[in-house]
Amino acid sequence: MQLSYGLIFVGFAGILQGTFFLPMTYTKNWEWEHKWFVFSFFAMLVINWLIAILLINNLGQVISQIPGETFLIVLASGTIWGLGTILFGKAMEKLGMALGYPVIMGISAVAGMVIPAIIFSPEVFFYLKGWIILAGALISVVGIHKCTKASVQKEGATSSGTKFSNKWLIIGIISGFTSCLPNIGAAFSNNIKQLALEMGNKDFLASNVVWCLFFTMGALINVAYTIYLIRRNKSNRLLFSDNWKNWLLILSMSVMWMSSLYIYGMGSFMLGDMGLLVGWPLLVILSVFIGNLWGIYRGEWRSATAYSRKNLNKGLLILLAAIVVVALSNLL
């Protein structure tokens, strides 16, 4: 029963991850830096700490007793992730949901599973379960390739347009590797989880302590960078010039994104010892699938050729197969 709940939690987190970017596409009169400043402030700082304080007992005491080496690892990975998030936000804006999500999150799915496995559980690849998880992640790469190919066909880019796309594809690839750092940070946080358990926290909540530290470092990087852009462009007045709908849209985006990671933390625990290896690719692949569906809903494919839409449909079916394979691996 706990495995079923774990899959449900991770699945719900994946739906939120695939949807969270949608509200940002409906904002008006804001540049990227305005949107990302509000998102970084609300999601990574305000909502992050609010959820942590509500869910974790004796949070301050737990943090004060974290070993120095672990503390530095979490802060360093959070800082690198924060830099990558800036690249992620810019790449998503330029590539669109239908192309950006597959490229960025597809790389994140494979890297976020393989890197923790190599560091902590290399023996998993000597067993059928490990190979099935890896197969699911690699199947997702095939689906990602199909979706990407369909997007390129849809755009019908000129040579200059192709150079532009390639530039942002490279940035998207880099941000794909940094996007998996939350799972790697979580894999390093077992002693933080133990401290939380000793402080009377429930086992399925204890592993979430790492998020408040990790994403705070990301927030500092993102908030500082977006403030710099706003000041450089002298556009701070746009934040407060009758744009309350924009604030609500980005607030909803922030709630979905931050809550999805806490829900993922609970779900990965329920999946057992291999939770981080099974849960992460499942989370990411599902978010790619949902992100593409939202891209279709928004009309990104309205003017596409029948051939490119056919490739997109094939890619989505392959991603769906990857979700099934990764989910079934946890039954072994």
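First things first, this report covers the structure right here in the doc.

### Overview of helix α11 (residues 209-232)
Because each turn of an α-helix spans 3.6 residues, side chains separated by three or four positions end up pointing in the same direction.
Then, number 1: Helix length check: α11 (24 residues) gives 36 Å between terminal C-alpha atoms against 34 Å at 1.5 Å per residue, within 8%.
Then, number 2: Where α11 terminates, the next one or two residues include K234, which has phi positive at roughly 50°.

### A look at unusual backbone geometry
Then, number 1: Backbone geometry places N29, a non-glycine residue, at a positive phi of 65°.
Then, number 2: Structurally, N29 can be placed in the loop between α1 (2-19) and α2 (32-55).
Then, number 3: The phi dihedral of K234 is positive, around 50°, even though this residue is not glycine.

### Points about the side chain of T19
Then, number 1: Considering the arrangement of structural elements, one finds T19 in helix α1.
Then, number 2: The class for T19 is buried, based on a relative accessible area of 11%.
Then, number 3: Within polar-contact distance, the side chain of T19 engages the side chain of W294 at 2.9 Å.

### Examining the packing of α2 against helix α12 (residues 244-270)
In a packed pair of helices, the relevant descriptors are the angle between the two axes and the axis-to-axis distance.
Then, number 1: Running from N to C, α2 and α12 point in directions that differ by 45°, and their axes come no closer than 8 Å. Comparing the axis directions of α2 and α12 gives the class oblique. Considering only the axes of α2 and α12, their crossing is right-handed. Packed against α2, whose contacting residues are K35, W36, V38, F39, F42, A43, M44, I47, N48, I51, A52 and L55, the element α12 presents W247, I250, L251, M253, S254, V255, W257, M258, S259 and Y262 at the interface.
Then, number 2: Across the contact of α2 with α12, the residue classes break down as 18 nonpolar, three polar and one charged.

### Some words on a nonpolar patch on the surface
Then, number 1: Side chains of I115, I118, I119 and F120 sit close together on the surface and give an oily, nonpolar patch of about 350 Å² of accessible area.
Then, number 2: Take F120: it is sitting in helix α5 (residues 97-120).

### What to know about the packing of aromatic side chains
Then, number 1: Inspection of every chain in the model, using the stated rule, returns 22 aromatic pairs.
Then, number 2: Ring centres of F20 and W257 lie 6.4 Å apart, and the angle between their planes is 50°; this geometry places the pair in the tilted category. With F20 in the loop between α1 and α2 and W257 in helix α12, this residue pair connects regions lying 237 residues apart in the sequence. The pair formed by F20 and W257 is uniform in burial state, with each residue classed as buried.
Then, number 3: With a centroid separation of 5.7 Å and an interplanar angle of 15°, the aromatic rings of W32 and W36 are classed as stacked. With a gap of four residues between them, W32 and W36 both fall in helix α2, about one helical turn apart. This pair shows no difference in class: W32 is buried, exactly as W36 is.
Then, number 4: Feature note: the residues F20, F21, W32, W36, F39, W81, F88, W211, F214, F215, Y225 and W257 constitute an aromatic cluster, connected by ring pairs.

### A closer look at the environment of N57
Then, number 1: Take N57: it is sitting in the loop between α2 and α3 (59-64).
Then, number 2: For N57 and A196, which are 139 residues apart along the polypeptide, the C-alpha to C-alpha distance reads 7.8 Å.
Then, number 3: Not counting the four nearest positions on each side in its chain, N57 is found in contact with V62, M199, G200 and N201.

### Describing the environment of I119
Then, number 1: Mapped onto the elements, I119 comes out in helix α5.
Then, number 2: Along the chain, I119 and L3 lie 116 residues apart, while their C-alpha atoms are 24 Å from each other.

### Thoughts on the nonpolar core
Then, number 1: Ranked by internal contacts, the top residues of the largest apolar core, which has 104 residues, are F39, F215, W257 and M258.
Then, number 2: Those residues within four positions of W257 in sequence are excluded, and the remaining contacts are Q17, F20, F39, A43, M44, W81 and F215.

Thresholds, definitions, all that
Residues numbered from 1 in each chain as written. Predicted model: local features only at pLDDT ≥ 70, side-chain atom pairs only at ≥ 80, totals over all residues. Heavy atoms only, no water. Helix = DSSP H or I, 4+ residues; strand = E, 2+ residues; numbered from the N terminus. Expected span 1.5 Å × (residues − 1). Buried < 20%, exposed > 50% of the residue type's maximum accessible area, 1.4 Å probe, protein only. Polar contact = N/O pair within 3.5 Å; in protein donor to acceptor, adjacent residues only side chain to side chain. Axes fitted to C-alpha atoms, helices over the stretch in contact; angles between N-to-C directions. Parallel < 35°, antiparallel > 145°, perpendicular 65-115°, else oblique. Left-handed = near helix turned anticlockwise from the far one by under 90°. Contact = heavy atoms within 4.5 Å. Nonpolar A, V, L, I, M, F, W, Y, C, P; charged D, E, K, R; others polar. Patch = residues over 30% accessible without salt bridge, like charges linked within 9 Å, V, L, I, M, F, W, Y side chains within 5 Å. Areas by Shrake-Rupley, 256 points an atom, 1.4 Å probe, with all protein chains shown as cover. Salt bridge = Lys/Arg side-chain N within 4 Å of Asp/Glu carboxyl O. Phe/Tyr/Trp six-rings, centres within 6.5 Å; stacked < 30°, edge-to-face > 60°. Core = buried A, V, L, I, M, F, W, Y, C linked by side-chain atoms within 4.5 Å.

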